[in-house]
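# Coordinate analysis (summary)
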Amino acid sequence: FMFGFMKNKRIVMFDTLMEQVSNDEILAILGHELGHWKMGHTVTNFVTTQVYTGFMFYFFSLCYNSHELYRAFGFDDESRPIPTIIALLLFTSTIWAPVDKALSFIMTVHSRKCEFEADEFSVNLGMSSKLQSGLCKIHLENLGAMSPDSWYSTYHYSHPPLVERLSAMMKLDTTKKLQ
């Protein structure tokens, strides 16, 4: 994975990855991670998360003094202030929960799009076959679901299933050959 901004960026590869795949496959995976950097995915995800958190706390501030919310959960004594952590837990688990579900789905769809873009970047570097074989090895080693339900994976998986990624890379290879 990749993290950091500006001049302080890092790509992290675990030692288990180094043991699972060949050097050429590591280069292809590195090409994928560089694709995330080149396309600004890290900064985009950071900004999106900050905006999301800002909106959540803004709406929390609007509900913070809502005695009706606290009374609904048995906090009837208005003379005693509700601890902020309790108020935040009630807000996030009741009022914000449906908003969170919708926004989480949008962020998951965006994350999957970013993964396809990073795969395409590595393919355009000429590393398609090595990326495909490396992803297969990682997937098998980590016991990933081979054919997850498409609706379930669309909602819950931040990375597209392996079959979808391999299919997209094969289409890119075919398109490149026809050009």
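Our structure is the block above this text.
Now for a quick tour of the structure. All values reported here derive from a predicted model rather than from experimental measurement.

### As for the packing of helix α3 (residues 41–63) against helix α6 (residues 97–124)
- α6 packs onto α3 with a crossing angle of 175 degrees between their chain directions and a minimal axis gap of 11 Å. The orientation of α3 with respect to α6, classified from their angle, is roughly antiparallel. Judged by residue contacts, His41, Thr44, Asn45, Thr48 and Tyr52 of α3 engage Asp100, Leu103, Met107, His110, Cys114, Glu117 and Ala118 from α6.
- Its residues placed into classes, the contact of α3 with α6 shows five nonpolar, five polar and two charged.

### A closer look at the environment of Met56
- Within the secondary structure layout, Met56 lies in helix α3.
- Met56 sits in the buried class, given a relative accessible area of 12%.
- Distance from Met56 to Trp96, taken between C-alpha atoms, is 7.5 Å for residues 40 residues apart in sequence.
- Discounting chain neighbours no more than four positions away, the residues touching Met56 are Phe91, Thr92 and Trp96.

### Overview of a nonpolar patch on the surface
- A cluster of nonpolar side chains, Val43, Phe46, Val47, Val51, Phe55, Tyr58, Phe59 and Leu62, forms an exposed patch at the surface whose accessible area comes to about 750 Å².
- Mapped onto the secondary structure, Tyr58 falls in helix α3.

### Details of the environment of Thr48
- Position of Thr48 among the secondary structure elements: in helix α3.
- For Thr48, a relative accessible area of 32% gives the class partly exposed.
- Residues Thr48 and Met107 lie 59 residues apart in sequence; the distance between their C-alpha atoms is 8.5 Å.

### Some words on the packing of α3 against helix α5 (residues 84–95)
- At a closest axis distance of 10 Å, the pairing of α3 and α5 adopts a crossing angle of 110 degrees. Taken together, α3 and α5 sit at an angle that is classed as roughly perpendicular. When α3 is examined against α5, the residues Met56, Phe57, Phe59, Phe60 and Cys63 are found in contact with a partner set consisting of Thr84, Ala87, Leu88, Phe91, Thr92 and Ile95.
- Residue classes in the contact of α3 with α5 are distributed as nine nonpolar, two polar and no charged.

What counts and how
- Residues numbered from 1 in each chain as written.
- Predicted model: local features only at pLDDT ≥ 70, side-chain atom pairs only at ≥ 80, totals over all residues.
- Heavy atoms only, no water.
- Axes fitted to C-alpha atoms, helices over the stretch in contact; angles between N-to-C directions.
- Helix = DSSP H or I, 4+ residues; strand = E, 2+ residues; numbered from the N terminus.
- Parallel < 35°, antiparallel > 145°, perpendicular 65-115°, else oblique.
- Contact = heavy atoms within 4.5 Å.
- Nonpolar A, V, L, I, M, F, W, Y, C, P; charged D, E, K, R; others polar.
- Buried < 20%, exposed > 50% of the residue type's maximum accessible area, 1.4 Å probe, protein only.
- Patch = residues over 30% accessible without salt bridge, like charges linked within 9 Å, V, L, I, M, F, W, Y side chains within 5 Å.
- Areas by Shrake-Rupley, 256 points an atom, 1.4 Å probe, with all protein chains shown as cover.
- Salt bridge = Lys/Arg side-chain N within 4 Å of Asp/Glu carboxyl O.

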